[in-house]
Amino acid sequence: MTHISVKVDGTTYEDEVEPRLLLVHYLRDRLGLTGTPVGCDTSNCGACTVDLDGESVKSCAVLAVQADGGEVTTVQGLARDGEWTALQRAFHERHALQCGYCTPGMIMAARDLLRDNPRPTPEEVRQGLEGNLCRCTGYQNIVRAVLAASGQEVTA
């Protein structure tokens, strides 16, 4: 067992973990933060995307011990006092989800994209989210939601 200290969604946790425990399983099974889904478990789909020290990562490809001393933000840690972020509202208002399985990872990846590029073009949104897969929506409303969250409206 390895001792870790990690701040997740503003709360610091001290735990003993198996060195091979994936961050996604630590978040879900140990901390009960089930808003981060296990998608493919191979880092292909991006459903498990979280922020680790300000960078977007697929939590199924990161060991919990690699987060030791770090700060993790999950989709559950975005809202403040029950108020969604502009990005979360845009996903809801633009119907940028269907089954919702990819939504947490899409939102976290889009958040990272907007942090680096606050006014992306539609093509830049598509490129920025290409590591996150959606099997339901066709991506159009996801792109529209990200653009809306950046203050841009797309009518087509």
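Residues numbered from 1 in each chain as written. Predicted model: local features only at pLDDT ≥ 70, side-chain atom pairs only at ≥ 80, totals over all residues. Heavy atoms only, no water.

Named according to an unreviewed UniProt entry, the protein chain is (2Fe-2S)-binding protein originating from Streptomyces actuosus.

A. Representation of the packing of helix H3 (residues 103-116) against helix H5 (residues 140-149). Contact geometry for H3 and H5: axes closest at 11 Å, N-to-C directions at 45°. One element, H3, and the other, H5, form an angle in the oblique class. With respect to the hand of their crossing, H3 and H5 are arranged in right-handed fashion. For the pair formed by H3 and H5, the contact residues are Met106, Ala110, Leu113 and Leu114 on the first element and Ile142, Val146 and Ala149 on the second. For the contact of H3 with H5, a count of residues per class yields seven nonpolar, no polar and no charged. (Axes fitted to C-alpha atoms, helices over the stretch in contact; angles between N-to-C directions. Helix = DSSP H or I, 4+ residues; strand = E, 2+ residues; numbered from the N terminus. Parallel < 35°, antiparallel > 145°, perpendicular 65-115°, else oblique. Left-handed = near helix turned anticlockwise from the far one by under 90°. Contact = heavy atoms within 4.5 Å. Nonpolar A, V, L, I, M, F, W, Y, C, P; charged D, E, K, R; others polar.)

B. A look at the environment of glycine 35. By secondary structure assignment, the location of glycine 35 is in the loop between helix H1 (23-30) and strand E3 (49-52). In the structure, glycine 35 is positioned 11 residues away from valine 24 in sequence and 10 Å away in space, judged by C-alpha atoms. With near-sequence residues (within four places) excluded, glycine 35 lies in contact with Val75, Gln76 and Pro104.

C. Molecular detail of the side chain of threonine 103. Position of threonine 103 relative to the elements: it lies in helix H3. For threonine 103, a relative accessible area of 9% translates into the label buried. (Buried < 20%, exposed > 50% of the residue type's maximum accessible area, 1.4 Å probe, protein only.)

D. Looking closely at a negative patch on the surface. On the surface, Asp53, Glu55, Glu71 and Asp116 cluster together to form a negatively charged patch. Considering the arrangement of structural elements, one finds glutamate 55 in strand E4 (residues 55-58). (Patch = residues over 30% accessible without salt bridge, like charges linked within 9 Å, V, L, I, M, F, W, Y side chains within 5 Å. Areas by Shrake-Rupley, 256 points an atom, 1.4 Å probe, with all protein chains shown as cover. Salt bridge = Lys/Arg side-chain N within 4 Å of Asp/Glu carboxyl O. Lys, Arg positive; Asp, Glu negative; His and termini not counted. Charge placed at Lys NZ, Arg CZ, Asp CG, Glu CD.)

E. View of the nonpolar core. Membership of the largest hydrophobic core comes to 23 residues, with the highest contact counts inside it found for Leu87, Phe91, Met106, Val125, Leu129, Ile142 and Val146. For this core, the elements supplying multiple residues, two or more each, are helix H2 (86-93), H3 and H5. Per-element accounting of this core gives the leading share, seven residues, to H3. In contact with valine 125, other than residues within four places in its own chain, are Leu113, Pro120, Val143, Val146 and Leu147. Judged by nonpolar contacts, the second largest core, of 16 residues, contains Val17, Leu33, Val57 and Val62. (Core = buried A, V, L, I, M, F, W, Y, C linked by side-chain atoms within 4.5 Å.)

F. Geometry of the pattern of salt bridges. Counted according to the given criterion, the structure contains five salt bridges. Here arginine 30 ties to aspartate 15 by a salt bridge, and the two come within 3.5 Å at their closest N and O atoms. Remark: aspartate 15 occurs in strand E2 (residues 11-17) and arginine 30 occurs in helix H1; sequence separation between them is 15 residues. Within this structure, Asp51, Arg111, Asp112 and Arg115 form a network of salt bridges that share partners.

G. A look at the sheet that holds strand E5 (residues 71-73). Read from one edge to the other, the open sheet built from five strands follows the order E2-E1-E5-E3-E4, with strand pairing classed as mixed. For this open sheet the edge positions go to E2 and E4, each flanked by a neighbour on one side alone. Strand after strand, the sheet turns through a mean of 35° between neighbouring axes, direction not considered. For strand E1 (residues 2-8) and E5, the ladder comprises two bridges, and the chain directions are parallel. Of the residues in E5, the one forming a bridge with valine 8 is valine 72. The sheet contacts of H1 involve E1, E2, E3 and E5, and relative to E2 the element is tilted by about 105°. Packed on one face of the sheet, H3 meets E3, E4 and E5 and runs near 40° to E3. (Pairing = 2+ DSSP bridges.)

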